[in-house]
Amino acid sequence: MVLPVVTMNATAARAATRPRFQTTRVKQQNISKKSCPSSRSTRCLSAQRCFVPRGSMLRSSAHSKDEMELDAHDEEEFEDVMYDAWDEDVDVVVEVSEDEAEVSSVLCDIVADKAKKSIAKHGAFTLAIPGGSVAKALGGLVDKDIEWSKVHVFFVNERCPDQKNYKLAQSVFADTVSLPLEQLYTIEAADKSPSEEAARYEAMLVGLPETVMLRNGSGLPRFDMVLLGMGADGHVGSIYPDSPEMEAEEGLILGVEKPDKLSISFSLKLINSADTVVIAATGTKKAATVSAAWDMPLEESERQQMKMLPVMMVDPVDGLVVWLLDLDAASELDVDDEDQDPDVP
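Residues numbered from 1 in each chain as written. Predicted model: local features only at pLDDT ≥ 70, side-chain atom pairs only at ≥ 80, totals over all residues. Heavy atoms only, no water.

This brings us to the pairing of strand β11 (residues 225-229). For β11, a buried count of five out of five residues is recorded, marking the element as mostly surrounded by other parts of the structure. What you see with β11 is no split at all: Met-225, Leu-227 and Gly-229 on one side and Val-226 and Leu-228 on the other are buried throughout. Relative to strand β14 (residues 276-281), β11 is paired through four bridges, and the arrangement is parallel. Paired with Leu-228 across the bridge in β14 is Ile-279. (Buried < 20%, exposed > 50% of the residue type's maximum accessible area, 1.4 Å probe, protein only. Helix = DSSP H or I, 4+ residues; strand = E, 2+ residues; numbered from the N terminus. Pairing = 2+ DSSP bridges.)

Turning next to the nonpolar core. In this structure, Phe-154, Tyr-201, Phe-223, Leu-227, Phe-266 and Trp-323 are the most contacted members of the largest nonpolar core, which totals 87 residues. Residue contributions to this core peak at nine residues, all from helix α3 (residues 100-122). Not counting chain neighbours up to four residues away, the residues in contact with Tyr-201 comprise Phe-154, Phe-155, Tyr-185, Thr-186, Ile-187, Ile-253, Ile-264 and Phe-266. (Core = buried A, V, L, I, M, F, W, Y, C linked by side-chain atoms within 4.5 Å. Contact = heavy atoms within 4.5 Å.)

For the rest of this paragraph, the subject is the packing of aromatic side chains. In the structure shown here, the tally under the stated rule is six aromatic pairs. Geometrically, the ring pair formed by Trp-294 and Trp-323 is edge-to-face, given 6.4 Å between the ring centres and 65° between the ring planes. Residue Trp-294 is found in helix α9 (residues 287-294), and its partner Trp-323 is found in strand β15 (residues 320-326); the two are separated by 29 residues along the sequence. Pair check on accessibility: Trp-294 and Trp-323 agree, each one buried. (Phe/Tyr/Trp six-rings, centres within 6.5 Å; stacked < 30°, edge-to-face > 60°.)

As a further point, take the environment of Ser-263. Along the polypeptide, Ser-263 turns up in strand β13 (residues 261-266). Sequence separation between Ser-263 and Gln-163 is 100 residues, and the spatial gap between their C-alpha atoms is 9.3 Å. With near-sequence residues (within four places) excluded, Ser-263 lies in contact with Glu-158, Arg-159, Cys-160, Pro-194, Ser-238, Leu-254, Gly-255 and Val-256. Here Ser-238 takes part through its side chain, which lies 3.1 Å from a polar atom of the side chain of Ser-263. (Polar contact = N/O pair within 3.5 Å; in protein donor to acceptor, adjacent residues only side chain to side chain.)

One open sheet accounts for three strands, arranged β8-β13-β12; its pairing is antiparallel. Where the open sheet ends on each side, the last strands, each with one partner, are β8 (157-159) and β12 (253-258). Taken over all neighbouring pairs, the strand axes of this sheet differ in orientation by 20° on average, direction set aside. Bridge analysis of β12 against β13 gives six bridges, and the strand direction is antiparallel. (Axes fitted to C-alpha atoms, helices over the stretch in contact; angles between N-to-C directions.)

Let us now look at α3. Here α3 spans 32 Å end to end across 23 residues, near enough to the 33 Å set by a 1.5 Å rise per residue. Its side-chain oxygen placed 3.3 Å from the backbone nitrogen of Ala-101, Asp-99 serves as the N-cap of α3. A positive phi of about 85° marks Gly-123, the residue just after α3. (Expected span 1.5 Å × (residues − 1).)

Let's shift gears to the sheet that holds strand β6 (residues 125-129). The six strands lie next to each other as β5-β15-β14-β11-β6-β7, forming an open sheet whose pairing is parallel. Two strands in the sheet have a free side with no partner beyond their single neighbour: β5 (92-97) and β7 (151-155). Pairs of neighbouring strands in the sheet enclose a mean axial angle of 20°, with direction left out of account. Contacts between α9 and the sheet are confined to β5, β14 and β15, with β15 contributing the most and set at about 150° to the helix.

Peptide bonds are, in most cases, trans, and in most cases residues other than glycine have a negative phi. Across the junction of Cys-160 and Pro-161, the peptide omega takes the value -5°, indicating a cis bond. Mapped onto the fold, Pro-161 is located in the loop between β8 and α5 (164-174). Even without being glycine, Gln-163 reaches a positive phi, approximately 55°. Summarising the element assignment, Gln-163 is placed in the loop between β8 and α5. Given a relative accessible area of 11%, Gln-163 falls into the buried group.

Attention now moves to helix α6 (residues 194-206). An ideal rise of 1.5 Å per residue puts 18 Å on 13 residues; α6 measures up with 18 Å between its terminal C-alpha atoms. Turning to α6, its buried residues are Pro-194, Glu-197, Ala-198, Tyr-201, Met-204 and Leu-205. Buried residues of α6, viewed axially, fall in a sector of 130°; they line one side. Summarising the contacts, the buried residues of α6 are in contact with β7, β9 (214-215), β10 (221-222), β12, β13 and α8 (268-271). (Arc of directions from axis to C-beta.)

With that settled, consider the environment of Asn-165. Relative to the helices and strands, Asn-165 is located in helix α5. Asn-165 sits 10 residues away from Phe-155 along the chain, and the two C-alpha atoms are 7.4 Å apart. If near-sequence neighbours (up to four positions away) are discounted, Asn-165 is found in contact with Pro-130, Gly-131, Phe-155, Asn-157 and Glu-158.

Counted by the stated rule, this structure contains eight salt bridges. The partner of Lys-144 in a salt bridge is Asp-109, with the nearest N and O atoms 2.6 Å apart. Of this pair, Lys-144 sits in the loop between α4 (132-137) and β7 while Asp-109 sits in helix α3, placing them 35 residues apart in sequence. The partner of Glu-147 in a salt bridge is Lys-150, with the nearest N and O atoms 3.3 Å apart. Residue Glu-147 is classed as partly exposed on the basis of its relative accessible area, which comes to 39%. Residue Lys-150 is classed as partly exposed on the basis of its relative accessible area of 33%. Overlapping salt bridges bring together Glu-188, Lys-192, Glu-197 and Arg-200 as one network. (Salt bridge = Lys/Arg side-chain N within 4 Å of Asp/Glu carboxyl O.)

Here you go:
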């Protein structure tokens, strides 16, 4: 079975002089399984690939007989339609925004929405964050209506013993909102090796009660949401191309020792046990890597012959991947021009 795909012509949208994505029509068409970025997983029989500009005409698998005009200012309607549909029917979503500032805004919207739903569903919200530009983008959370007493924040990766990402999270949002300090989980600021810190962090993680941290069918911690940045080389967390961490099958938290950096990192196994993983990437330097991640071949023999990147291995076992891109990062995606609305320049 092949589910529908919603696409947009990013090149044409870029050329528009009017406010982008406000009047772009998005059409529906079919794609083969080979076009599906989740097809690298043997569990994937089909997936939906969505390029969803804000304020555009949308037709999704959940509303296949209805076309809804979503006004850009009507955020509540947008959230209710889009994210409810994604939760039910979609494995992978790509949302293309105009620029980095809008990507940051969308990211904060998604985190706040997921927090509200998770707390309503099981009484807590577990969020894992990286450092860098993604952490800095979370400053918008200070203006969101979030029940912070029920939020638990973890770090996808962290420098040892510097606590660099912990300090960044504190300065960007954690010190401003009413998040209890003990629910911002960091490493110990001590002179321990990455492997020692990884073991301690993993023990803390698996020791959390299920009232806080859900478990998947295999008993692994199941985060409500994991946020990832992506380097131009395709690294996520502290998992780099051609590194032993890419192949690690044991351990949820990995100790990573590089000549210029000591850190801990979530393993791919732990990332892929999450309910929702959000990958944010902006800028032209990321465009080629984004395109490579989406051009993953279907056949195992073909995959073995190509250079795998860590971001290509982000594939939740039973969850959703949301890619948040700006126009620059999306500029090399292979979208179909032939079904683009003729009104778009």
